[in-house]
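# Structural characterization, general
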Number of protein chains: 2
Amino acid sequence: MYTLAEENYLKAIYKLSMVAKNVSTNQIAAELATKASSVTDMLRKLAEKLLINYTRYQGVSLTQTGEKVAVNIIRRHRLWEYFLVEKLNFKWDEVHEMAEEMEHISSTELIDRLDEFMGFPTRDPHGDPIPDSQGNFKQNDLKPISAVDINACGIISGVRDHSSAFLQYLEKKQLTIGKKITVKEIITYDNTVILQMDNKDLQISRDVANNLLIAL
Amino acid sequence: MYTLAEENYLKAIYKLSMVAKNVSTNQIAAELATKASSVTDMLRKLAEKLLINYTRYQGVSLTQTGEKVAVNIIRRHRLWEYFLVEKLNFKWDEVHEMAEEMEHISSTELIDRLDEFMGFPTRDPHGDPIPDSQGNFKQNDLKPISAVDINACGIISGVRDHSSAFLQYLEKKQLTIGKKITVKEIITYDNTVILQMDNKDLQISRDVANNLLIAL
DNA sequence: TTATATTTTTAGACAAGCCTAAAAATTTAA
DNA sequence: TTAAATTTTTAGGCTTGTCTAAAAATATAA
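The structure presented is a predicted model; accordingly, all values stated were derived computationally and were not measured.

## Considerations on the sheet that holds strand 5 (residues 180–186) of chain A
Residue and element names in this part refer to chain A. The strand order 3-8-4-5-6-7 describes an open sheet built from six strands, whose pairing is antiparallel. The sheet is open, and its two edges are formed by strand 3 (143–144) and strand 7 (200–204), each paired on a single side. Looking at chain direction, strand 5 and strand 6 (residues 193–197) are connected through five bridges and run antiparallel. Counted as the bridge partner of Ile186 is Val193 from strand 6. Against the sheet, helix 7 (residues 164–172) contacts strand 4 (153–159), strand 7 and strand 8 (212–215), and its axis sits at roughly 150 degrees relative to strand 4.

Here it is in structure tokens:
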């Protein structure tokens, strides 16, 4: 239906749209590690196919069709990640690259059966919600630890950075999905955060606090 | 490691090599539904990469490396077919196209874990042997029904034609893997074959007898 | 063994998706 | 509000993998 490149562009635009309604050429180029001129080329093609709204120099947004396609790719990605962790016993920091390939397998029937096989999971191993077969899912209502009040208490429920380096660090510190933590102190000088978890104090940097999400 | 096109060429050459040592340009073109000139182009590239032995006008054969790559693709294809049938409950005539896409997922670790998850199956849903992680597997020692003697008795163990049309026909006639049959008569005029199965007589055409394999 | 048919290769072209370098538009700053 | 900086687009080119048409090699038949 859509080429590999097209799917990757739609996914990137979808992801960037979470932050700002209109997405710029340079943002897409950075996300896909490609050049702005290549992005412009592709944007013309996607607009032609009515997958994005695009006016020269004005940035882009997904059309309804484009969004549907993007959500479907995300569904496939997250279901495969769940499969790799829950059925094949991979660790949460090992699955991203594989799922990046598997998300492009096109059969809808396959994905729906996989979904059923696993018992219709609602979150992938990183806490991200999995869209159902209709494309419905509720966005996580999570906050980065760096943005909550002192003495706030919550459950670790997601990450913003999916790199293995970050996930391995969290694993080592036992900062995994489901853990209950309390924010004890935020050092104003460098925004280092002191947490309490399992009755022990734990110090994390501003960067880590920014990328670790909790449900209050 | 290898492009989609390269993998498909290697697989086609491997398949055609089963029948004749040296494979011709036209045979490959037919197998891949492409043109002879496109095949020539690709053969030059594969020879360059030392995956095939190729001399102009003389046909090709796989090098040891090329064969290793081809067998690996076949391993992936057959394991995914097994997964689709045994875990996701697809029918044996529904899985070929999906596996055709899935066989190109590159991670070796993924395939080895999938293999383990399913208990190291040795045959796919069509009776074809699944190479192990070292690429070892014994070729089926099967005969088409059209080639056995009268009164020969054996177990249906494989097919030569993997098209859904053929598989659906077999399913309807209950001519499935594992069934015990006896060849009662071969009509010399048109090579129609009369089988006995489950104490009932069954008539199959020359074409069906040619594509249905039994272990004696 | 020569003519004909078939197979294979070459030549030249095209689409997709990427690139660099330069031009144009937009934004920011003086 | 004009100049400078930044962003985006255009122009032209490259690679991969495909195609058609024509030429060359090989196989077949008279």
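## So, the sheet that holds strand 5 (residues 180–186) of chain B
Residue and element names in this part refer to chain B. The strand order across the open sheet formed by six strands is 3-8-4-5-6-7, and the pairing between neighbours is antiparallel. Two strands in the sheet have a free side with no partner beyond their single neighbour: strand 3 (143–144) and strand 7 (200–204). Alignment of strand 4 (residues 153–159) against strand 5, held across three bridges, turns out to be antiparallel. Bridged to Cys153 within strand 5 is Thr182. Packed on one face of the sheet, helix 7 (residues 164–172) meets strand 4, strand 7 and strand 8 (212–215) and runs near 150 degrees to strand 4.

## A word on the protein's contact with DNA strand D
Lining the immediate surroundings of DNA strand D are 22 residues, of which Tyr54 of chain A together with Thr3, Thr34, Ser37 and Ser38 of chain B lie closest. Contacts to DNA strand D include Thr40 of chain A, whose side-chain N or O atom sits 2.9 Å from a phosphate oxygen. Measuring from a phosphate oxygen of DNA strand D, one finds a side-chain N or O atom of Thr34 of chain B at 2.6 Å. For the surface near DNA strand D, the elements supplying multiple residues, two or more each, are helix 2 (25–31) and helix 3 (36–48) of chain A together with helix 1 (4–17) and helix 3 (36–48) of chain B. Ranked by residue count, the leading element in the surface near DNA strand D is helix 3 of chain B, at five residues. Among the residues forming the surface near DNA strand D, the class breakdown is seven nonpolar, ten polar and five charged.

## Here's the deal with the interface of chain A and chain B
It is common to report an interface's size as the accessible area lost on association of the parts. Each partner contributes residues to the interface: chain A has 20 residues there, and chain B has 20 residues. Between chain A and chain B lies a buried interface of about 1,600 Å² when both sides are counted; carbon and sulfur atoms form 73% of it. Summed over the shared surface of chain A and chain B, the number is zero salt bridges. Where chain A touches chain B, the interface holds six residue pairs in polar contact (both at pLDDT 80 or more). Counting only elements with at least two residues in the side of chain A that touches chain B, the list comes to helix 4 (64–86), helix 5 (96–102) and helix 6 (108–117) of chain A. Counting residues per element, the side of chain A that touches chain B draws most heavily on helix 6 of chain A, which supplies five residues. Split by residue class, the side of chain A that touches chain B holds eleven nonpolar, four polar and five charged.

Cut-offs used in this document
- Residues numbered from 1 in each chain as written.
- Chains lettered and ligands numbered in written order.
- Predicted model: local features only at pLDDT ≥ 70, side-chain atom pairs only at ≥ 80, totals over all residues.
- Heavy atoms only, no water.
- Pairing = 2+ DSSP bridges.
- Helix = DSSP H or I, 4+ residues; strand = E, 2+ residues; numbered from the N terminus.
- Contact = heavy atoms within 4.5 Å.
- Axes fitted to C-alpha atoms, helices over the stretch in contact; angles between N-to-C directions.
- Near = heavy atom within 4 Å.
- Polar contact = N/O pair within 3.5 Å; in protein donor to acceptor, adjacent residues only side chain to side chain.
- Nonpolar A, V, L, I, M, F, W, Y, C, P; charged D, E, K, R; others polar.
- Buried area = accessible area lost by both parts, 1.4 Å probe.
- Salt bridge = Lys/Arg side-chain N within 4 Å of Asp/Glu carboxyl O.

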